[in-house]
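One-letter residues, chain by chain:
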Amino acid sequence: MDEQSVALTRRYGTIISAVSVGMGLIYLVALARRSYWALALPVTAATMGALCVSLWIGRMLMTTPEEPTDF
């Protein structure tokens, strides 16, 4: 990989890490305030994410082409 690609990858990694830390802090503050939304939103997001992955897997299995059989 060239230096520009490595720099871009590191920049994206830094952004993702910073957002993750920020969201974690917001989540902890909301939990400390005993906010219902602090639990409802992440659970909903995780559930919807898992359903999207299972839908994607199901779609991939449904659209798998059959291999031709040569006898």
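Everything in this summary refers to the structure shown in the same document. Values in this document were obtained by computation on a predicted structure and should not be read as measured data.

1. Some details on the environment of Ser-17
Then step 1. As for its position among the elements, Ser-17 is in helix α1 (residues 3-32).
Then step 2. At a separation of 2.9 Å, a polar atom in the side chain of Ser-17 contacts the main-chain carbonyl oxygen of Gly-13.

2. With respect to the environment of Pro-42
Then step 1. Relative to the helices and strands, Pro-42 is located in helix α2 (residues 36-62).
Then step 2. What makes Pro-42 partly exposed here is its relative accessible area of 36%.
Then step 3. Note: C-alpha distance between Pro-42 and Ile-16 (26 residues apart in sequence) is 17 Å.
Then step 4. Once residues within four sequence positions are removed from consideration, Pro-42 is found in contact with Tyr-27 and Trp-37.

3. Focus: the environment of Leu-51
Then step 1. Within the secondary structure, Leu-51 is located in helix α2.
Then step 2. For Leu-51, a relative accessible area of 49% translates into the label partly exposed.
Then step 3. Considered as a pair, Leu-51 and Thr-63 are 12 residues apart in the sequence and their alpha carbons are 18 Å apart.

The rules behind these values
- Residues numbered from 1 in each chain as written.
- Predicted model: local features only at pLDDT ≥ 70, side-chain atom pairs only at ≥ 80, totals over all residues.
- Heavy atoms only, no water.
- Helix = DSSP H or I, 4+ residues; strand = E, 2+ residues; numbered from the N terminus.
- Polar contact = N/O pair within 3.5 Å; in protein donor to acceptor, adjacent residues only side chain to side chain.
- Buried < 20%, exposed > 50% of the residue type's maximum accessible area, 1.4 Å probe, protein only.
- Contact = heavy atoms within 4.5 Å.

Taken by themselves, the reported measurements are silent on function.
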